[in-house]
Amino acid sequence: MKGRTAIAVVLALSAAAPPPPPGASSCSGCHGAAAPIAGHDAKTLTEALIAFRSGARESTVMGRIAKGFEPTELNAIAAWWSEAPK
Amino acid sequence: MIRRRHILSGGLALPFVAKAQATPRVVIVGGGFGGATAARFLRTAVPAPDVVLIEPNDMFVACPFSNLVIAGERGLDAQRFGYAVALSGGIKLVTAAATSVDASARTVKVSDGAQYAYDRLILSPGIDISWGALPGYDEAAAARLPHAWKAGEQTMLLRRQLEEMSDGGTVVMSVPPNPFRCPPGPYERASLIAWYLKNHKPKSKLLVLDAKDVFSKQKLFQNAWKQLYPGLLEWVSLSDGGKVVRVDPTTKTFETEFGSHKADVGTVVPPQSAGAIAAQAGVADRSGWCPIDPVTFESRLVPGIHVIGDAAIAGAMPKSAFAANAQAKVCAQAVATLLHGNKPAEPRLINTCYSLATPNYGFSIAGVYKPVNGVLTDIEGAGGTSPLDAPDSQRVAEARYGERWFQTITSEVFG
């Protein structure tokens with residue numbers, strides 16, 4: 001149910017949840033039913049983002065995107081997505 | 001908080017305040033990637049504002065991937081999206097054209113005469129074509145030389161013309177100076193028309209007449225053209241006399257400063273500006289586009305009106321569907337925060353954009369942006385294009401990622 005994922009992402013932005021840290025709301029442009037990240041383990045997401053940033057993990061676009069954030073910012077983005085409903 | 005501001009801001013706002021409506025009202029004009037996203041995200045703020053989405057069409061027809069429709073590789077139905085999910089989210093959908101904005105009364109009037117009051121207005125009107133800006137190219141000319149830069153009937157018209165052309169024909173395309181919707185779009189279109197010709201009408205030619213010397217993903221496109229379409233696709237830069245100064249729709253002739261080219265099929269990527277409602281509302285500057293604050297997307301010219309998507313002057317961010325969607329989420333968050341009387345945090349925004357050189361040959365450009373001195377600016381060291389020397393497997397993978405991006409973003413926006 002792609003629609004449900006989208007709504008879940010939407011709900012995650014509500015005032016009941018903390019507002020997304022800078023950059024986090026852009027992710028769902030690509031990450032929904034395909035390549036989902038909502039509700040995933042924060043540590044796994046952080047490690048992936050850090051590895052994309054350093055180039056240790058190969059990618060097509062994620063390396064280019066992760067380089068736009070400091071590690072602390074990537075941590076915050078990963079933590080927020082891990083709390084977002086699946 | 002909001003009501004007090006209205007009272008302080010002058011008597012004109014009072015009739016609407018007098019309704020004693022506690023729930024703030026946000027009106028959104030335009031149901032594309034920007035406006036429909038903003039509507040859905042605003043409805044989930046707590047407490048949610050009342051959201052009115054004003055859009056003249058029953059169905060949205062998406063531009064990304066419409067070049068595949070022109071090439072005969074995709075049906076137009078795959079580009080159409082309805083608003084049923086938006087409505088189920090409690091958004092009031094008004095199927096009418098917004099005709100005027102009264103920024104002091106804070107109302108929007110639509111084509112049937114109804115008026116909608118707002119505390120904050122989000123304009124996401126996309127583009128309108130600047131008819132006549134290219135001499136000879138008016139609305140009637142588009143029936144002979146389709147622009148197909150708003151997806152729909154125009155897309156199918158260009159498709160039919162290509163189908164009807166005999167093998168050995170000449171296709172001519174005109175590309176305008178910056179800025180315009182979808183910077184790599186003309187070159188993807190050229191690629192996919194060339195793909196169609198190569199496979200179905202191989203004696204034909206495609207001539208791309210450009211008012212620029214440099215363009216988005218240029219090296220990637222030019223490498224692909226050299227490899228895939230030698231002798232078929234010819235790109236003429238500004239320096240080489242590519243700038244089209246006049247078209248004659250009757251004879252399908254494209255005039256440059258140096259000569260003229262007669263087409264069997266012609267397509268004009270038209271000069272354009274922010275959708276007409278932007279200028280009417282007073283948020284467009286002399287360039288025809290809308291200067292904004294990069295934290296809130298509030299207009300630099302008219303308070304209380306936010307502008308997102310192709311219509312906005314978003315600094316380094318391109319006029320893309322991904323950018324409109326990303327801007328809409330940041331803008332929705334900022335509007336909700338402002339309606340609560342708080343100060344929005346400084347955002348980061350991302351853009352990712354895929355292009356095709358064939359249906360199985362894709363590449364991308366990405367960017368990460370932050371406000372610097374009031375302008376959305378590329379974060380250094382981030383972003384950029386796919387590598388020039390990538391193996392074929394990466395081109396295939398990026399073609400598939402592009403399709404997945406389209407599925408994901410359209411389900412986020414339209415359900």
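Structure report, in brief. Bear in mind that the values here come from a model prediction, so they are computed numbers and not experimental data.

1. Topic: the overall build of chain B
- Looking only at helices and strands, chain B features eleven helices and 25 strands.
- Relative to a compact globule of 415 residues, whose C-alpha radius of gyration would be 22 Å, chain B shows 22 Å and is just as compact.
- For chain B, the C-alpha atoms occupy an extent of roughly 70 × 45 × 40 Å along the three principal directions.
- A total of 415 residues make up chain B; the buried ones form 59% of that total.
- Restricting the contact set of chain B to residue pairs at least 6 apart, pairs at least 24 apart contribute 66%.

2. Structural notes on the sheet that holds strand 2 (residues 50-54) of chain B
All names here are of chain B.
- Here we have five strands laid out as an open sheet, ordered 5-2-1-9-20, and parallel in their pairing. Edge positions in the open sheet fall to strand 5 (92-94) and strand 20 (305-307), since each of these has one partner strand only. For this sheet, the mean inter-axis angle between neighbouring strands, taken without regard to orientation, is 20°.
- Of the pairings in the sheet, the one linking strand 1 (residues 25-29) to strand 2 comprises five bridges and is parallel in character. When the sheet's bridge partners are listed, V29 is paired in strand 2 with I54.

3. Brief notes about helix 4 (residues 71-83) of chain A
- With 13 residues, helix 4 of chain A ought to run about 18 Å at 1.5 Å a step, and its terminal C-alpha atoms sit 19 Å apart, in line with that.
- For helix 4 of chain A, the full list of buried residues reads L74, I77, A78, W80, W81 and S82 of chain A.

4. Remarks on the packing of aromatic side chains
Residues and elements named next belong to chain B.
- Tallied over the full model, the rule gives 18 aromatic pairs over all chains.
- Ring centres of F81 and F414 lie 5.5 Å apart, and the angle between their planes is 20°; this geometry places the pair in the stacked category. One end of the pair, F81, is in strand 4 (residues 80-81); the other, F414, is in helix 11 (residues 392-414), with 333 residues separating them in the sequence. Of the two residues examined, F81 and F414, each falls in the buried class.
- Measuring from centroid to centroid gives 5.1 Å for F215 and W235, while their planes differ by 70°, and the two rings are edge-to-face. Of the two residues, F215 sits in the loop between strand 12 (205-210) and helix 8 (218-228) while W235 sits in strand 13 (residues 233-236), which places them 20 residues apart along the sequence. Like F215, the residue W235 is buried in the burial classification.

5. So, the interface of chain B and chain A
- Residue-level contacts link 40 residues of chain B with 31 residues of chain A.
- Contact between chain B and chain A buries roughly 2,800 Å² in total, counting both sides, with carbon and sulfur atoms accounting for 63%.
- Linking chain B with chain A are two salt bridges, by the criterion used here.
- The residue E73 of chain A makes a salt bridge to R348 of chain B at a minimum N-O spacing of 3.7 Å.

6. Re the packing of helix 3 (residues 33-42) of chain B against helix 11 of chain B
Residue and element names in this part refer to chain B.
- Taken N-terminus to C-terminus, the directions of helix 3 and helix 11 make an angle of 55°; their axes are 8 Å apart at the nearest point. As the angle between them shows, helix 3 and helix 11 are arranged oblique. Touching F33, A36, T37, R40 and F41 of helix 3 are I409, T410, S411, E412, V413 and F414, all from helix 11.

7. Digging into the pattern of salt bridges
- What the rule picks out here adds up to 15 salt bridges over all chains.
- Between E70 of chain A and R53 of chain A there is a salt bridge; the shortest N-O distance is 3.8 Å. Placement of the pair is E70 of chain A in the loop between helix 3 (62-66) and helix 4 and R53 of chain A in helix 2 (residues 42-54), with a sequence separation of 17 residues.
- Here R80 of chain B makes a salt bridge to D77 of chain B, at a shortest N to O gap of 3.2 Å.
- What makes R80 of chain B partly exposed here is its relative accessible area of 34%.
- Each of E73 of chain A together with E346 and R348 of chain B takes part in one network of salt bridges that share partners.

8. Section: unusual backbone geometry
All names here are of chain B.
- The omega torsion of the bond from N178 to P179 falls at -5°, within 30 degrees of zero and hence cis.
- Its location among the elements puts P179 in the loop between strand 11 (170-175) and helix 7 (185-200).
- The phi dihedral of C182 falls on the positive side, at around 60°, and the residue is not glycine.
- Located in the positive-phi region is K252, a residue other than glycine, with phi close to 55°.
- With a relative accessible area of 12%, K252 lands in the buried category.

9. Some details on the pairing of strand 17 (residues 265-268) of chain B
Residue and element names in this part refer to chain B.
- Of the two faces of strand 17, the one carrying V265 and T267 and the one carrying G266 and V268 are both buried.
- As paired elements, strand 11 and strand 17 share four bridges and run parallel to each other. Bridging from a neighbouring strand, V171 pairs with V265 of strand 17.

10. A closer look at the packing of helix 7 of chain B against helix 8 of chain B
Residue and element names in this part refer to chain B.
- Contact geometry of helix 7 with helix 8 gives a least axis separation of 11 Å together with a crossing angle of 10°. With respect to helix 8, the axis of helix 7 lies roughly parallel. Taken together, the residues of helix 8 that come into contact with helix 7 (itself represented by Y187, E188, A190, S191 and K198) are F221, W225 and L228.

The rules we used
- Residues numbered from 1 in each chain as written.
- Chains lettered and ligands numbered in written order.
- Predicted model: local features only at pLDDT ≥ 70, side-chain atom pairs only at ≥ 80, totals over all residues.
- Heavy atoms only, no water.
- Helix = DSSP H or I, 4+ residues; strand = E, 2+ residues; numbered from the N terminus.
- Rg over C-alpha atoms; globule rule 2.2 N^0.38 Å.
- Buried < 20%, exposed > 50% of the residue type's maximum accessible area, 1.4 Å probe, protein only.
- Contact = heavy atoms within 4.5 Å.
- Pairing = 2+ DSSP bridges.
- Axes fitted to C-alpha atoms, helices over the stretch in contact; angles between N-to-C directions.
- Expected span 1.5 Å × (residues − 1).
- Phe/Tyr/Trp six-rings, centres within 6.5 Å; stacked < 30°, edge-to-face > 60°.
- Buried area = accessible area lost by both parts, 1.4 Å probe.
- Salt bridge = Lys/Arg side-chain N within 4 Å of Asp/Glu carboxyl O.
- Parallel < 35°, antiparallel > 145°, perpendicular 65-115°, else oblique.

That's the geometry; what it means functionally is another story.
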